[in-house]
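# Coordinate analysis (summary)
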Amino acid sequence: MHRRRLLALALPLLGGCSSLPKASGPRTPPTPGEPDSSADRSLGVRNLDVEEAEDGHLRVLATVVNRSNTDRTRTLRIRVRAGETRTERQQTVSVAAGESQEVAFDFTDVAYDDFSGDGSLNTAWL
């Protein structure tokens, strides 16, 4: 008997709250395309350092680590900004499973002194 009273009181109260918003967007999930290579997080840059090369240009040293149990190869891009100069270099890097490797990028068009004042670096896997 108490359940009937509770239901009789609850149903009118729930009636106004039961309107759900209409769904928006596609009715079917998107079809997956080619796997995105940027989703592969097994290679990473563990250390990034800069130095002055013998002739005074900027050299960027990157330590690439492979966190997987298989050999990996990807292209690493480094972008440099020094004052008004913006430039980039790309290099394909192969690292054995569980190992690390140091890779050097020479920016012959950027003087180390220009970069050391207020330059910046950006890395990305392609």
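This section reports on the structure supplied with the text. Quantities reported herein were computed from a predicted structural model and do not represent experimental measurements. Every chain's residues receive numbers from 1 upward, in the order its sequence appears when written. Totals for whole chains, interfaces and linings use all residues, but because this is a predicted model, local features are given only for residues with pLDDT of at least 70 and pairs of side-chain atoms are given and counted only at 80 or more. The side-chain quantities take in all heavy atoms of the structure and omit both hydrogens and water.

## Here we look at the pattern of salt bridges
By salt bridge we mean one thing: a side-chain nitrogen of Lys or Arg within 4 Å of a carboxyl oxygen of Asp or Glu. Within this structure, the stated rule accounts for four salt bridges. In this structure, Arg59 engages Glu51 in a salt bridge whose closest nitrogen and oxygen atoms are separated by 3.2 Å. Residue Arg59 is classed as partly exposed on the basis of its relative accessible area, which comes to 22%. Per-residue accessibility, obtained with a 1.4 Å probe over protein chains only, is compared with the maximum for each type, and a residue is labelled buried under 20%, exposed over 50%, and partly exposed between these values.

## Section: the nonpolar core
The criterion is simple. A nonpolar core is a set of buried Ala, Val, Leu, Ile, Met, Phe, Trp, Tyr and Cys residues joined through side-chain atoms within 4.5 Å. One finds Val64, Leu76, Ile78, Val80, Phe105 and Phe107 to be the most contacted residues of the largest nonpolar core, which totals 17 residues. Those elements giving two or more residues to this core turn out to be strand S2 (57–66), strand S3 (72–82), strand S4 (85–95) and strand S5 (100–111). Contacts are residue-level and defined by heavy atoms, with any inter-residue pair within 4.5 Å sufficient. Setting aside anything within four residues of it in sequence, one finds Leu76 in contact with Val45, Ala62, Val64, Arg89, Gln90, Gln91, Val93, Phe105, Thr123, Ala124 and Trp125. In this description a helix means any DSSP run of H or I spanning at least four residues, a strand means any run of E spanning at least two, and both kinds are numbered starting from the N terminus.

## Details of the environment of Gly83
For Gly83, the position within the fold is in the loop between S3 and S4. Separated by 31 residues in the primary sequence, Gly83 and Asp114 have C-alpha atoms spaced 7.1 Å apart.

## Section: the sheet that holds strand S1 (residues 43–52)
Think of it this way: DSSP has to see at least two bridges between two strands before they count as a pair. Strand order in this open sheet of three strands is S1-S2-S5, and the pairing throughout is antiparallel. Where the open sheet ends on each side, the last strands, each with one partner, are S1 and S5. On average, each strand axis in the sheet is tilted by 20° relative to the strand beside it, whichever way the strands run. For S2 and S5, the ladder comprises nine bridges, and the chain directions are antiparallel. Across the sheet, the residue bridging to His57 is Ala111, located in S5. Every axis corresponds to a line fitted to the C-alpha atoms, with the helix fit spanning only the stretch in contact, and the corresponding angles, defined between N-to-C directions, vary from 0 to 180 degrees.

Geometric descriptors of this kind do not, in isolation, establish any biological role.
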